[in-house]
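Below are the chains, spelled out letter by letter.
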Amino acid sequence: MKKVDKEVADAYFRTRTTLIVIFLSIGFLVSFGVVAFAEFFSQFKFLGVEFHYYMGSQGAVVIFILCLFLNAVLSDNVDKKYGIDDDANASISSGKTVDH
Amino acid sequence: MDAQTLVSLGLILATFALYIGISIFNRAKQTSDFYVASRGIPPFWNGMAIGGDWMSAASFIGMAGTVLALGYDGLAYIMGWTGGYLLLTFLLAPQLRKYGRFTVPEFIGDRFDSNPARLIAAIATVIISFTYIIGQLSGSGVVIGRLFSIPAMYGTMIGVVIIAIYATLGGMKGVTWTQVAQYIILIVAYIIPIVFMSLQVSGNPLPWLTYGNVVDEIGAIDQELGLSEYFAPFAESDKSQFIALLFTLMVGTSALPHVIVRFYTVTTMKAARWSGAWALLFIGFLYLSAPAYAAFSRFILMTQVAGQPMDELPGWTDSWINTGLLEIADQDGDGVLDWTEIAVGNDMVVMATPEIANLGMFVIGLVAAGAMAAALSTAGGLLITISSSFAHDIYYRLMNPKATDQRRLNAGRIAIVLSTVVAGLVALDPPGVITQIVAWAFALAGGTFFPVLFLGVWWKRMNSKGAVAGMLVGLASTLCYIFLAMNDIMLFGIQDTGAGVIGVPINFLACVIVSLVTAPPAQHLQDDVIDLRYPEQMTYKDGEVWMNDGTGK
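(A) Spotlight on the overall build of chain A. In terms of helices and strands, chain A carries four helices and three strands. Helices (α) and strands (β) of chain A occur, in sequence order from the N terminus, as β-α-α-β-β-α-α. Of all 100 residues assigned to chain A, the portion counted as buried reaches 35%. A fraction of 58% describes how many contacts in chain A between residues 6 or more apart in sequence connect residues 24 or more apart.

This is the structure:
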């Protein structure tokens, strides 16, 4: 066991939280944001259909998926930067699980 | 029995045999693996299993029909049911994974160190899963009803028997690979018909790129008929209802007990993030296709069925009229069927589309098998959740901590049989269409659990009294609003399906206020919450963070 500086630990938490806030904001804008101004967006067309309809039926879903994959990749990089080893995580985690 | 019934029935039975085969094979393997440390399921396959578990009869049978009927306003279901995975993967799943307890009542009971909270959570889990399962049962009723051209009600009765046998046969623990198979079958069955329809209508095999133009053409036909355009926003309901429904479905998705349980099988917080990403990709294939389904079906109905003389209607219309889901009447008596004289039940669209587009017996049978896969996989997962809430959280943890494994197993089986029978009785005369019933389950899940889980993993000051108050007030206000809205008493035009937007904020307020005016939770409970900020290798203890580098304690 090695002690981690409070600043390092806080920085880790801050970086991860910032990622969460950014991605959730993007998700919020492409769904609720477009719905709230649907009448305005209906004057544009994308792939043959009004933009508000496109965002609801495809655009938002595709962006949600991209957000999740991007977050998974970026979070892995953050973990690596802070010297976290996923194999160690897995072995620690399997010992801690409450089993029935 | 005609040839079509034989082909459909044959495909359904063949897929059943596959699921049973997989579960028997896995059960044998699990016994031999029992003493080996479990290595966890890779996120890719777990994502696929989450997809199979998640996509229910509502997604498969009901959603495209809802979009067809509601136009743009139906898209709240598409965005809501996918967006929930964002909330789940960012805000809840990794933290719940690190906490190491995987049923929702168990997390709530242990995090707040409170048996009353555990009991309320267990009862709420049963209520939510029960509501959800009614939707699945009436979905299997639609499939079986069409298969034998009988009213959907009798179809539901047969479906109840099949699902009860399927779930009690056992082999449901560790169903991951069965759900992977069910995912593959349902997604293939869903996508093949729209590829053919896309070819028929536009000559391009990629429906996702072509249906935009079809939507535009439907809008033009609507305009000619003097109806509101298909893609026009908020034609069927208020904007406030759209936003309320979207919110309810998103928040509810992230708080559904049977979905959260799926993150049990992964190894780490990192694997939970990747599982969420893969799951949404696999789920996305179906959700991106549903609006295409709706557009093509509506286009073919409007251009090829409407406008036909009454005595020259295609053969499939008869069998759907028998199920009670299709109504046609020549109201103006001119001998021609007009678009406005066709009443298409939401729940028949996906099932009927291959017949409407004349795609042949095999595709029709495949869609029936896919729909059964969707209903079965979700119903199975729900029944397990109900039985574990009852047998584990209520019976074992609260009533009889000394119960033997055998007695707990029996308690679980009784819970499964009872809930299937009661849900089956309710589903005989469903209180709404499938997507609507399912939306209630989401409102209840979000209204009862989301604030408690969210604050539970992010806010160390949250205590047991706050959790109890939040769940009770949230559950009660959501239920109340659903009943009021069903009786036409509504706030801001928000209907019963959007009830989560009422229940969730009330629950949040109750949690925060009650927690703040009562004593803070014990120090070790608060430390547990701070510990969730870091990956498994880092541990929070007495105000300091320690890195486990393998050099002992």
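(B) View of the nonpolar core. By size, the foremost hydrophobic cluster in this structure holds 199 residues, and its most contacted members are A:Phe64, B:Leu186, B:Leu246, B:Phe296, B:Ala368 and B:Ala371. Excluding anything up to four places from it in sequence, B:Leu186 contacts B:Met55, B:Phe60, B:Gly370, B:Ala373 and B:Ala374.

(C) Region of interest: unusual backbone geometry. Residue and element names in this part refer to chain B. Even without a glycine there, the phi angle at aspartate 113 is positive, about 45 degrees. Relative to the elements of secondary structure, aspartate 113 occurs in the loop between helix H5 (104-111) and helix H6 (115-147). Classification of aspartate 113 by C-beta neighbours within 10 Å gives partly exposed; the count is 14.

(D) Highlighting the sheet that holds strand S4 (residues 544-547) of chain B. Here three strands make up an open sheet; going across it, the order is S1(A)-S4(B)-S3(B) and the pairing antiparallel. Here the strands that pair on one side only, and so sit at the sheet edges, are strand S1 (2-4) of chain A together with strand S3 (538-541) of chain B. Neighbour-to-neighbour, the strand axes of the sheet open up by a mean angle of 40 degrees, direction not taken into account. Relative to S4(B), S1(A) runs antiparallel, the two being bridged by three bridges. In the sheet register, A:Lys2 faces S4(B), and the bridge partner there is B:Met547.

(E) Structural detail: the packing of helix H4 (residues 75-99) of chain B against helix H17 (residues 434-458) of chain B. Residue and element names in this part refer to chain B. Two numbers describe how H4 lies on H17: the axes approach to 12 Å, and their chain directions differ by 25 degrees. By the angle class used here, H4 and H17 are roughly parallel. Handedness of the crossing formed by H4 with H17: left-handed. Taking contact as the criterion, the partners of Tyr77, Leu91, Leu92, Gln95 and Leu96 in H4 are, on H17, Thr435, Leu453, Phe454 and Val457. Partitioned by chemical class, the residues of the contact of H4 with H17 number seven nonpolar, two polar and no charged.

(F) The environment of B:Met538, seen in detail. Note on placement: B:Met538 falls in strand S3. Those residues within four positions of B:Met538 in sequence are excluded, and the remaining contacts are A:Val4, A:Ala9, B:Val545, B:Trp546 and B:Met547.

(G) Layout of helix H3 (residues 51-81) of chain A. The largest bend in H3(A) comes to about 45 degrees, at A:Gly59. Looking one or two residues past H3(A), A:Gly83 carries a phi angle of roughly 70 degrees, positive in sign.

(H) Molecular detail of the environment of B:Ser477. Residues and elements named next belong to chain B. Residue placement: serine 477 occurs in helix H18 (residues 464-486). Owing to 20 C-beta atoms within 10 Å, serine 477 belongs among the buried residues under this scheme. Through-space distance from the C-alpha of serine 477 to that of isoleucine 502 is 7.3 Å; in sequence the pair is 25 residues apart. If sequence neighbours within four positions are ignored, serine 477 has contacts with Gly447, Ile502, Gly503 and Ile506.

Criteria and cut-off values
- Residues numbered from 1 in each chain as written.
- Chains lettered and ligands numbered in written order.
- Predicted model: local features only at pLDDT ≥ 70, side-chain atom pairs only at ≥ 80, totals over all residues.
- Helix = DSSP H or I, 4+ residues; strand = E, 2+ residues; numbered from the N terminus.
- Buried ≥ 20, exposed ≤ 12 C-beta atoms within 10 Å, placed from the backbone.
- Contact = placed C-beta atoms within 7 Å.
- Core = buried A, V, L, I, M, F, W, Y, C linked by C-beta atoms within 7 Å.
- Pairing = 2+ DSSP bridges.
- Axes fitted to C-alpha atoms, helices over the stretch in contact; angles between N-to-C directions.
- Parallel < 35°, antiparallel > 145°, perpendicular 65-115°, else oblique.
- Left-handed = near helix turned anticlockwise from the far one by under 90°.
- Nonpolar A, V, L, I, M, F, W, Y, C, P; charged D, E, K, R; others polar.
- Bend = angle between axes of the 7 residues up to and from the residue.

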